[in-house]
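Here are the chains, one letter per residue:
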Amino acid sequence: MSYHKLIIGNSMSMQEIEDESVHLMLTSPPYFNAPFDYKDLYHNYDQYLNVLQCVAKEAYRVLENGRIVVLNIDDMLINGDKFPIVADATKIFVDAGFRYRDRIIWKKPDGYLRISRRSGVILQNPYPMYFYPDNLLESIIIFQKGRFDYKSIPKEVREASKIDIKEFSDNKWYMTIWEMTNVLPNSELEKDIAAFPEELPYRIIKLFSYVGETILDPFVGSGTTMKVARNLNRNSIGIEVKESLIPIIKKKMGFDEQMSFLDKDDKLEIIIRDDKNEYNCQNQWN
Ligand SMILES: C[S@@+](CC[C@H](N)C(=O)[O-])C[C@H]1O[C@@H](n2cnc3c(N)ncnc32)[C@H](O)[C@@H]1O
């Protein structure tokens, strides 16, 4: 039986979540003013970085010692200028107290053409200086709060959470490049949400948490992380600023109609804050 909590509010504060009560944080923050998905969402880049700073600070507070934070994030090209989001996010999480543990590159299939073919510019103007490569990559950056105490996990929980080494080897989880197919832009539940494929939280949850533990996604979008957490017998907490996504999250998680393969006793609690657009994080970097 698993418990799931969806908080509708701004994840710059995680006021409902107790200190050291989360075992893994896994998320894909909005990409700074991405031309199609988040155009002009933030007034400027500093405002965007401040959101990440607040989330990093709260993540450090709510995460148990030794545990992992995973961000799926990438640099963003806007009007010909690339914003170094991966580098800045890494610095922000390290400044918040985390150890920088690893970086995996997610490679999408060669035919991935979600937004535009940037390389098309040079086809129209086949001259020097018109080159912008098509981007097939995103980063998955991994941080750790202190060191993990391997002896803290009971033997039966360790066994119940065992990683299938055949799956690990066959699907090449062992490399720093993960080839995964992206969610197609016109797929029903993820329309207008830059969702990641289930394969991403599936790998991360299996590799960095034990059954019965709690997974947090502070930018939960369509609820992909919560769905996979439920399927893998983990509890979850999702934070999402858009109240309109509640029915999508419920549907994706299988809470709108009971699906026979899921535990009927699983619970979903929904908390709707009234401060969702107003929260302003005070933090040590300002
Ligand atoms: C990249 S999407 C996440 C998609 C998600 N991984 C999925 O698979 O559906 C980022 C989400 O963060 C939400 N968001 C943006 N700023 C937020 C904030 N300050 N607090 C909570 N949610 C926020 C957006 O509304 C959007 O749904």
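So, a few notes on the structure that sits alongside this text. Everything numeric here is computed off the predicted structure, so don't read it as measured data.

## Quick look at the packing of helix α1 (residues 45-62) against helix α2 (residues 85-95)
Across the interface, α1 lies against α2 with an axial gap of 9 Å and an inter-helix angle of 35°. With respect to the hand of their crossing, α1 and α2 are arranged in right-handed fashion. Side by side, α1 and α2 meet where Leu49, Leu52, Gln53 and Ala56 of the first sit next to Asp88, Ala89, Ile92 and Phe93 of the second.

## Some remarks on the site of the ligand
Surveying the vicinity of the ligand reveals 18 residues, the closest of which are Ala195, Phe219, Gly221, Ser222 and Thr224. The class makeup of the residues in the shell around the ligand is 10 nonpolar, six polar and two charged.

## Overview of unusual backbone geometry
Even without being a glycine, Asn79 presents a positive backbone phi close to 50°. Within the element layout of this structure, Asn79 appears in the loop between β4 (76-78) and β5 (81-83). With 6 C-beta atoms counted inside 10 Å, the residue Asn79 sits in the exposed group. Here Asn233, not a glycine, exhibits a phi torsion of approximately 60°, which is positive. Locating Asn233 in the fold gives a position in the loop between α7 (224-231) and β10 (235-240). The exposure class assigned to Asn233 is partly exposed, which follows from the 17 C-beta atoms found within 10 Å.

## Remarks on the pairing of strand β2 (residues 22-27)
Most of β2 sits out of view: six of its six residues are buried. Inspection of the sheet shows β2 paired to strand β9 (residues 214-217) by two bridges, in the parallel sense. Counted as the bridge partner of Met25 is Leu216 from β9.

## Digging into the environment of Ile272
Within the element layout of this structure, Ile272 appears in strand β11 (residues 267-272). Residues Ile272 and Glu243, spaced 29 residues apart in sequence, show a C-alpha to C-alpha distance of 7.9 Å. The contacts of Ile272, once residues within four sequence positions are left out, are Ile8 and Glu243.

## Let's talk about the pairing of strand β7 (residues 137-144)
Strand direction decides the pairing type here: strand β3 (residues 63-73) and β7, joined by six bridges, are antiparallel. Across the sheet, the residue bridging to Val69 is Phe143, located in β7. Pairing between strand β6 (residues 99-107) and β7: eight bridges, direction antiparallel. Within β7, the position partnered with Tyr100 by the bridge is Phe143.

## Let's talk about the sheet that holds β3
Across a sheet, strands are paired by hydrogen bonds formed along the backbone, either parallel or antiparallel in direction. Spatial ordering of the open sheet is given by β8-β6-β7-β3-β2-β9-β10-β1-β11, a layout of nine strands whose pairing is mixed. Every interior strand has two partners, whereas the edge strands, β8 (177-179) and β11, have only one. Between one strand axis and the next, the sheet turns by 20° as a mean value, whatever way the strands run. Pairing between β2 and β3: five bridges, direction parallel. Note on β3: the bridge partner recorded for Met25 is Val69. The strands touched by α7 are β1 (3-8), β2, β9 and β10; relative to β10, the strand with the most contacts, the crossing angle is about 175°.

Cut-offs and rules
Residues numbered from 1 in each chain as written. Predicted model: local features only at pLDDT ≥ 70, side-chain atom pairs only at ≥ 80, totals over all residues. Axes fitted to C-alpha atoms, helices over the stretch in contact; angles between N-to-C directions. Helix = DSSP H or I, 4+ residues; strand = E, 2+ residues; numbered from the N terminus. Left-handed = near helix turned anticlockwise from the far one by under 90°. Contact = placed C-beta atoms within 7 Å. Near = placed C-beta within 6 Å. Nonpolar A, V, L, I, M, F, W, Y, C, P; charged D, E, K, R; others polar. Buried ≥ 20, exposed ≤ 12 C-beta atoms within 10 Å, placed from the backbone. Pairing = 2+ DSSP bridges.

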